[in-house]
Amino acid sequence: TNGNEEKRTRMHFNKVTITGADDSTSIPQLVDLSQEYPFVEWGILVSRRQEGSYRFPSREWMDRLAAVSGRLQLSMHICGAWVRQMFVGDLDWSHVPSLIQKCQRIQINTHAVRHASTVALLPQLDTHKDKQIIFQWDGVNNHLIYAALAHSLNVAALFDTSGGAGILPKEWPAQTSEFPCGYAGGLGPGNVVENIHKIESICSRPYWIDMERRVRTHDDSALN
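The following paragraphs examine the structure supplied in this document. Because the structure is a prediction, the values reported are computed rather than measured. (Residues numbered from 1 in each chain as written. Predicted model: local features only at pLDDT ≥ 70, side-chain atom pairs only at ≥ 80, totals over all residues. Heavy atoms only, no water.)

### Considerations on unusual backbone geometry
You will see that R55, though not glycine, has its phi angle at about 75°, which is positive. Examined against the element boundaries, R55 turns out to sit in the loop between β2 (40-46) and α3 (59-66). Given the relative accessible area of 18%, R55 is considered buried. Despite not being glycine, S152 shows a phi value in the positive range, around 70°. With respect to the helices and strands, S152 occurs in the loop between α6 (143-150) and β6 (155-159). (Helix = DSSP H or I, 4+ residues; strand = E, 2+ residues; numbered from the N terminus. Buried < 20%, exposed > 50% of the residue type's maximum accessible area, 1.4 Å probe, protein only.)

If you want it as structure tokens, here you go:
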């Protein structure tokens, strides 16, 4: 790469979310990596059904992470039944791991599946109005981010045309000026530099990337 490309990347690429830390992940190592690479955010997946499995840490692990959360950038990625309940106003936030209080951002994972929603979604999100709310821009539920934006919530969009399947798109969608944008789908150590340059070419504002599947071991048992 030449100096101009590196300058553009420094200007616009401002964060990488590494998603999927779980009970197999060393919390002290996360702290050390955050000190060395302060632009890293740790995406913590939560699901009522999958808690304690690969990529979905246990409550005990999350409590230990909360104890050092002041030294980390964290986002909580909410999945499954909790999302469905949230969309119709039935989510009891006390059921969601308390680590959410320590996270700067909340991501709502819809995985390109159409979700029934009502106007009750917005009061549910008001509970965490102090945080940035990330919606997956998946081609199916895109209207929700506009409703949240009109409700004066701090919103962002994660472009993931594969719906969480970890597949690289043929081309990356252009940024919008309406809210911050991130990019995901098939990114990993082997292709991230090439794709950051591609994303950079269509971005004029700061953006982040999210990596999950390709930063794990082949059997999905741990972060690499």
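Moving on from the model shown.
### Examining the environment of V192
As for its position among the elements, V192 is in helix α7 (residues 192-200). By relative accessible area, V192 is classed as buried at 15%. On a C-alpha basis, the gap between V192 and I209 in space is 9.1 Å, while along the polypeptide they are 17 residues apart. Apart from the residues lying within four places of it in its own chain, the contact partners of V192 are I209 and M211. (Contact = heavy atoms within 4.5 Å.)

### Topic: the side chain of N141
Along the polypeptide, N141 turns up in the loop between β5 (132-137) and α6. Side-chain polar atoms of N141 contact the backbone nitrogen of H115, separated by 3.2 Å. Those residues in contact with N141, other than ones at most four positions away along the chain, are T110, V113, R114 and H115. (Polar contact = N/O pair within 3.5 Å; in protein donor to acceptor, adjacent residues only side chain to side chain.)

### Section: helix α2 (residues 27-36)
Helical periodicity: at 3.6 residues per turn, an α-helix aligns residues three or four positions apart in one direction. Considered for burial, the residues of α2 that qualify are I27, L30, V31 and S34. Viewed end-on, α2 has its buried residues packed into an arc of 100°, placing them on one side of the element. Exposed and oriented more than 90 degrees from the buried face of α2 are P28, D32 and E36. Close packing links the buried residues of α2 with β2 and α3. Regarding α2, its N-cap is S26, as a side-chain oxygen of that residue lies 3.1 Å from the backbone nitrogen of Q29 further along. (Arc of directions from axis to C-beta.)

### Looking at the sheet that holds β6
Pairing is parallel in the closed barrel, where eight strands are placed in the order β1-β2-β3-β4-β5-β6-β7-β8. When the angles between neighbouring strand axes are averaged without regard to direction, this sheet yields 25°. Both strand β3 (residues 73-78) and strand β4 (residues 105-108) contribute to a ladder of four bridges, which runs parallel. Across the sheet, the residue bridging to M76 is I106, located in β4. (Pairing = 2+ DSSP bridges. Axes fitted to C-alpha atoms, helices over the stretch in contact; angles between N-to-C directions.)

### As for α3
Those residues of α3 lying buried are W61, M62, L65 and A66. The arc that holds every buried residue of α3, seen down its axis, measures 140°, which confines them to one face.

### Notes on the state of the cysteines
If you walk through the whole model with that rule in mind, you get zero disulfides. Free of any disulfide, C181 has its nearest cysteine sulfur in C203, 7.4 Å distant. (Disulfide = S-S within 2.5 Å.)

### A word on the pairing of strand β7 (residues 181-184)
Residues C181 and Y183 line one face of β7 and the alternating positions G182 and A184 line the opposite face, and both faces are buried. Pairing of β6 with β7 involves three bridges; the strand directions are parallel. Considered in β7, the bridge of A157 is made with C181. Of the strand pairs in this sheet, β7 and strand β8 (residues 207-211) are connected by four bridges, and their pairing is parallel. Pairing of Y183 across the sheet is with I209, part of β8. As for the winding sense of the linkage, the β-α-β connection from β7 through α7 to β8 is right-handed. (Right-handed = clockwise from strand over helix to strand, strands pointing away.)

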